[in-house]
Amino acid sequence: NFEIAEELRQIAGIPAGSSETQALEQVFGMGYGGGIHLDFSLGILSFRVTGDYVLLTPDNAKFQALVLQLAPPGFIKSATVEDGRITIIGGAANVKLVVLPFPAVKPYITGGIGWSKVETEDAKVTITPQQPPSTPFSTNLTFFEKQTPMTLNGGVGVDIILGGLSLYAELKVTAFFLEGG
């Protein structure tokens, strides 16, 4: 989580001193991406090497709602954000343990460590005040600097074996140890 509320307050000219903080997750929706993995199976225990790509873009409606929430009532007419994309390219080494080794369906738990290259482009923030002259003003907002942090992940999944074809579904949570929190 990156707390951006204070920067948004400064951009909008909102007085300091409020104790509210908002996380970056309130501006970004679900991202999209893809990945590849290679399993080295030792029966119910496997080692997995993964490579993943994730792209997150700010959601304009969520951004405007956050800015309006932070501003005094009636202060801001509208707020928009352009660009601000976050790109994550990472790799990890995991252990995968099958918890119920059925012939065709194999539920498992997984966890591991890795590193990711995390980059963001500046977001162009435009705010239109409610009060005259209601002239929009813009500024660039940097969410964080490019970095390559360590990551930890854990999750659950299921492998489905259909003849020579193997499908899987997995839910995994990844923690990024970014500079600045």
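Residues numbered from 1 in each chain as written. Predicted model: local features only at pLDDT ≥ 70, side-chain atom pairs only at ≥ 80, totals over all residues. Heavy atoms only, no water.

A. Spatial organisation of the sheet that holds strand β3 (residues 76-83). Strand order in this open sheet of 3 strands is β3-β6-β7, and the pairing throughout is antiparallel. The sheet is open, and its two edges are formed by β3 and β7 (137-141), each paired on a single side. Between one strand and the next, the sheet's axes are offset by a mean angle of 20°, whatever the strand orientation. Where strand β6 (residues 123-129) lies against β7, 5 bridges are found, and the strand directions are antiparallel. Residue Val-125 lies in a different strand from β7, and its bridge partner there is Thr-139. Where helix α2 (residues 60-70) meets the sheet, its contacts fall on β3 and β6, and the angle it forms with β3 comes to roughly 140°. (Pairing = 2+ DSSP bridges. Helix = DSSP H or I, 4+ residues; strand = E, 2+ residues; numbered from the N terminus. Axes fitted to C-alpha atoms, helices over the stretch in contact; angles between N-to-C directions. Contact = heavy atoms within 4.5 Å.)

B. Expanded view of α2. Those residues of α2 that sit buried are Phe-63, Leu-66, Val-67 and Leu-70. The arc that holds the buried residues of α2, viewed along the axis, is 95°, so those residues lie on one side. A distance of 2.9 Å separates the backbone nitrogen of Ala-61 from a side-chain oxygen at the start of α2, and that oxygen is part of Asp-59. (Buried < 20%, exposed > 50% of the residue type's maximum accessible area, 1.4 Å probe, protein only. Arc of directions from axis to C-beta. Polar contact = N/O pair within 3.5 Å; in protein donor to acceptor, adjacent residues only side chain to side chain.)

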